[in-house]
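In case you want the letters, here they are:
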Amino acid sequence: MDKTTDKTIEIAKCTLANMFEIRKEEFDRPLSRKRGVVEARRFLIYYLVDELGMRFLHIPPKMKSIKSHATAMHHFYKMIDLLEFETTTKLKYIDFKNQMADKGLSNLETELMKQIKMKKVISWNIKQLKEMIDEA
């Protein structure tokens, strides 16, 4: 996975920690079975697979509390059932996705501004080099 995916995962963890009123570190504590922690992990796993296209095998290295791909699969399929039958879970997940989309847009805007600034610097450097060549 690349740095952008890692950054997205960290943003998702922070967003979910805020939504479920838990600490971000809870995602990596394997023994916690608190409802909010389990739900937040489940939301994150579902998001990673469904939205980011992550394979189940790649989830355990990103979440220390998930010991195997089988655990990730269990959470994913459990979330599918919950989204189908529980309106509150569905609404909460939609809220989470919307928050992630908003944060993703702000990250894209920041990255775009950096690239525009870099383009201006490169253009200025090229102009300076052309002037130096013309003088020579």
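The coordinates are above.
Residues numbered from 1 in each chain as written. Predicted model: local features only at pLDDT ≥ 70, side-chain atom pairs only at ≥ 80, totals over all residues. Heavy atoms only, no water.

**A closer look at helix 1 (residues 3-20)**
Right, on to step 1. A rise of 1.5 Å per residue sets the reference length of helix 1, with its 18 residues, at 26 Å; its end C-alpha atoms lie 26 Å apart and thus fit the reference within 8%.
Right, on to step 2. Turning to helix 1, its buried residues are Thr5, Thr8, Ile9, Ile11, Ala12, Lys13, Thr15, Leu16, Ala17, Met19 and Phe20.
Right, on to step 3. Downstream of helix 1 by one or two residues, Glu21 has phi in the positive range, about 55 degrees. (Helix = DSSP H or I, 4+ residues; strand = E, 2+ residues; numbered from the N terminus. Expected span 1.5 Å × (residues − 1). Buried < 20%, exposed > 50% of the residue type's maximum accessible area, 1.4 Å probe, protein only.)

**What to know about the packing of helix 1 against helix 2 (residues 35-50)**
Right, on to step 1. Relative to each other, helix 1 and helix 2 sit at 145 degrees, their axes nearing to 10 Å. As for the relative orientation of helix 1 and helix 2, their crossing is right-handed in sense. For the pair formed by helix 1 and helix 2, the contact residues are Thr8, Ile9, Ala12, Lys13, Leu16 and Phe20 on the first element and Gly36, Glu39, Ala40, Phe43, Leu44, Tyr47 and Leu48 on the second.
Right, on to step 2. A per-class count over the contact of helix 1 with helix 2 returns nine nonpolar, two polar and two charged. (Axes fitted to C-alpha atoms, helices over the stretch in contact; angles between N-to-C directions. Left-handed = near helix turned anticlockwise from the far one by under 90°. Contact = heavy atoms within 4.5 Å. Nonpolar A, V, L, I, M, F, W, Y, C, P; charged D, E, K, R; others polar.)

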